[in-house]
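The primary structure of each chain is shown beneath.
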Amino acid sequence: MSLYIGVMSGTSLDGLDIALIELDPAIKLIATHYIPMPDALRIELLGLCASGPDEIARSAIAQQQWVTLAAQGIHVLLDQQKLKPQDIRAIGSHGQTIRHEPARGFTVQIGNPAMLTELTGISVVSDFRSRDVAAGGQGAPLVPAFHEALFGEHIGNRAVLNVGGFSNLSLIESDKPVAGFDCGPGNVLLDAWIHQQRGESFDRNGQWAASGQVEPTLLNALLGDPFFLTQGPKSTGREVFNLGWLEHHLSRLPGFLAQNVQATLLELTVHTIVEALKASQPRTETLLVCGGGAHNAALMSRLSALLPTTQVSTTTRHGVDPDWVEAMAFAWLAHCCLEGIAANRPSVTGARGLRVLGAIYPA
């Protein structure tokens, strides 16, 4: 029995997902634990996504706080499962992305893996994205190889859609290398707009978006961003799509009702996903959705409406809780690193070749 723990903290900044998986050799989710992100830490991590005063020291302190939370959660999970640190082969820690600019040759995830090893007594594998970027790749998305391992045993065309802060697709076809790319904003703009307008952290079930009407003029303006006009491999982040980006467009087209802006942002997320899927895998038979967006009823309904010949469902349909797929992925990536297995896919990231990903901090 090989047990690994994955720790994922995504661009939504809602909390830390911790997943315990078993590889024997099939991938099996054993247990999970979730830690909500403290408000003060969330605000600081969000602030670190842009340049600011004393940011090096601030990032060092923030990652100490992040690691302390992660370690506490890992110990809770171990206690619940009656496991000891030596029962776990490794922790795969994604860390928290604060900058992602592959066009400039770098990506930054903070998470102090050395400290995490010390606090848990378990070997840690981290910094998964840097090697792919060093090889000329985007460093993201990294989950397509895992999606292929988890959902790839089938005949036909399947896509896996992760909707977190940003959305990304994995395209799985028989006898072809897995493909994938970021589509654009997932929940990041929806969350930012509802927080600014209503003080809520997210739009539960997409109810506020569903109460509004799509504004075609605004939607067309948003779709004019150069990112949407390029083909993969490609990835994106808060450096491109953020509240300031939205407000820039709104300043040129004033007068929209707040709920109509939310409806338009939902349509932006769905439209960019659907158009990317149709362009890259037009005969998709099944679309499996994971991430926070899987719980957005309005988003799921709209996906189904725009993809009438595709069976759209969450990953639950295939026995995997959509909330834990990414944390599972980084546990699996830790396994790949320790076994010397290349886990990037040049067809996804554009790297010059296959690479073993991650840096190891032995216990």
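Since we're looking at a predicted model, the values are computed, not measured.

Parameters and conventions
Residues numbered from 1 in each chain as written. Predicted model: local features only at pLDDT ≥ 70, side-chain atom pairs only at ≥ 80, totals over all residues. Heavy atoms only, no water. Helix = DSSP H or I, 4+ residues; strand = E, 2+ residues; numbered from the N terminus. Buried < 20%, exposed > 50% of the residue type's maximum accessible area, 1.4 Å probe, protein only. Phe/Tyr/Trp six-rings, centres within 6.5 Å; stacked < 30°, edge-to-face > 60°. UniProt positions renumbered as here; feature names shortened; annotations may be inferred. Contact = heavy atoms within 4.5 Å. Salt bridge = Lys/Arg side-chain N within 4 Å of Asp/Glu carboxyl O. Polar contact = N/O pair within 3.5 Å; in protein donor to acceptor, adjacent residues only side chain to side chain. Domains from an automatic or database assignment. Buried area = accessible area lost by both parts, 1.4 Å probe. Pairing = 2+ DSSP bridges. Axes fitted to C-alpha atoms, helices over the stretch in contact; angles between N-to-C directions.

Visitor: Please explain the environment of glutamate 339 as it appears in this structure.
Guide: The residue glutamate 339 is located in the loop between α12 (325-338) and α13 (346-349) in this model. In this structure glutamate 339 comes out as partly exposed when scored by relative accessible area, which is 41%. Between the alpha carbons of glutamate 339 and valine 356 there is a distance of 9.1 Å; along the sequence they are 17 residues apart.

Visitor: So what exactly am I meant to see when it comes to the packing of aromatic side chains here?
Guide: Given two aromatic rings, their pairing is described by the distance between the two centres and the angle made by the two planes. Counted according to the given criterion, the structure contains 6 aromatic pairs. Ring geometry for phenylalanine 227 and phenylalanine 228: centres 5.9 Å apart, planes at 75°, overall edge-to-face. Residue classification places phenylalanine 227 among the buried residues on the basis of a relative accessible area of 11%. Among the residues examined, phenylalanine 228 registers a relative accessible area of 16% and is labelled buried.

Visitor: So what exactly am I meant to see when it comes to the UniProt feature "binding site: ATP" (unreviewed entry) in the chain here?
Guide: Sequence positions flagged by UniProt for "binding site: ATP" (unreviewed entry) are, in local numbering, Gly10, Thr11, Ser12, Leu13, Asp14, Gly15, Leu16 and Asp17. By secondary structure assignment, the location of aspartate 14 is in the loop between β1 (2-9) and β2 (15-23). On the basis of relative accessible area, aspartate 14 is assigned to the partly exposed category, the value being 45%. Beyond its immediate stretch of four places on either side in the chain, aspartate 14 contacts Tyr34, Pro36 and Met37. If you trace the backbone, leucine 16 turns up in strand β2.

Visitor: Quick question: what am I supposed to make of the environment of alanine 31 here?
Guide: By secondary structure assignment, the location of alanine 31 is in strand β3 (residues 27-36). Taking C-alpha positions, alanine 31 is 20 Å from phenylalanine 151, a pair spaced 120 residues apart along the chain. Contact partners of alanine 31, with chain neighbours within four places excluded, come to Ile18, Ala19, Leu20, Leu77 and Gln81.

Visitor: Before we go on, may I ask you to explain the pattern of salt bridges in this structure?
Guide: Oppositely charged side chains can pair when the atoms bearing their charge come close. For the structure on display, the rule yields 7 salt bridges. For the salt bridge of glutamate 267 with arginine 302, the shortest nitrogen-to-oxygen distance reads 2.9 Å. Of this pair, glutamate 267 sits in helix α10 (residues 258-280) while arginine 302 sits in helix α11 (residues 297-306), placing them 35 residues apart in sequence. For glutamate 267, a relative accessible area of 11% corresponds to the buried category. What makes arginine 302 partly exposed here is its relative accessible area of 31%.

Visitor: Sorry, what's going on with the side chain of threonine 107 here?
Guide: Relative to the assigned elements, threonine 107 resides in strand β5 (residues 106-110). When its relative accessible area of 9% is taken as the criterion, threonine 107 is described as buried. There is a polar contact of 2.8 Å between the side chain of threonine 107 and the side chain of histidine 100. Polar side-chain contacts of threonine 107 include one of 2.8 Å to the side chain of glutamine 109.

Visitor: Got a minute to help me understand the domain arrangement of the chain in this structure?
Guide: When the parts come together, some accessible area is lost, and that loss is often what is quoted as the size of the interface. Under the domain assignment used here, the chain contains domain 1 (2-140 + 325-361) and domain 2 (143-318). Each of domain 1 and domain 2 was reduced to a C-alpha centroid, and the two centroids are 23 Å apart. Contacts between the two partners involve 25 residues from domain 1 and, on the opposite side, 26 residues from domain 2. When the two sides are added together, the surface that domain 1 and domain 2 hide from each other amounts to roughly 2,000 Å², 62% of it contributed by carbon and sulfur. For the domain 1 face of the interface with domain 2, the top three residues by lost area are Thr11, Val325 and Val348, together amounting to 28%. Taken together, the links from domain 1 to domain 2 amount to 0 salt bridges.

Visitor: Would you explain the sheet that holds strand β9 (residues 179-185) in this entry?
Guide: The 5 strands are arranged β9-β8-β7-β10-β11 in an open sheet whose pairing can be described as mixed. Both edges of this open sheet fall to β9 and β11 (311-314), since each of them pairs with a single strand only. Strand-to-strand, the axes of this sheet are offset by a mean angle of 20°, without reference to chain direction. Where strand β7 (residues 157-163) and strand β8 (residues 166-173) come together, 7 bridges link them in antiparallel fashion. Residue valine 163 lies in a different strand from β8, and its bridge partner there is serine 167. Each of β7, β8, β9 and β10 (286-290) touches helix α5 (residues 144-151); the most contacted strand, β8, lies at about 50° to it.

Visitor: Can you help me understand the pairing of β9 in this one?
Guide: Residues in a regular strand point their side chains to alternate faces of the sheet. Most of β9 is tucked away, with 6 of its 7 residues classed as buried. Bridging between β8 and β9 involves 6 bridges; their strand directions are antiparallel. Bridge pairing in β9 places serine 170 opposite glycine 180. With antiparallel pairing between neighbouring strands as the criterion, β8 and β9 make up a hairpin whose turn holds 5 residues, including aspartate 175 at a positive phi of roughly 65°.

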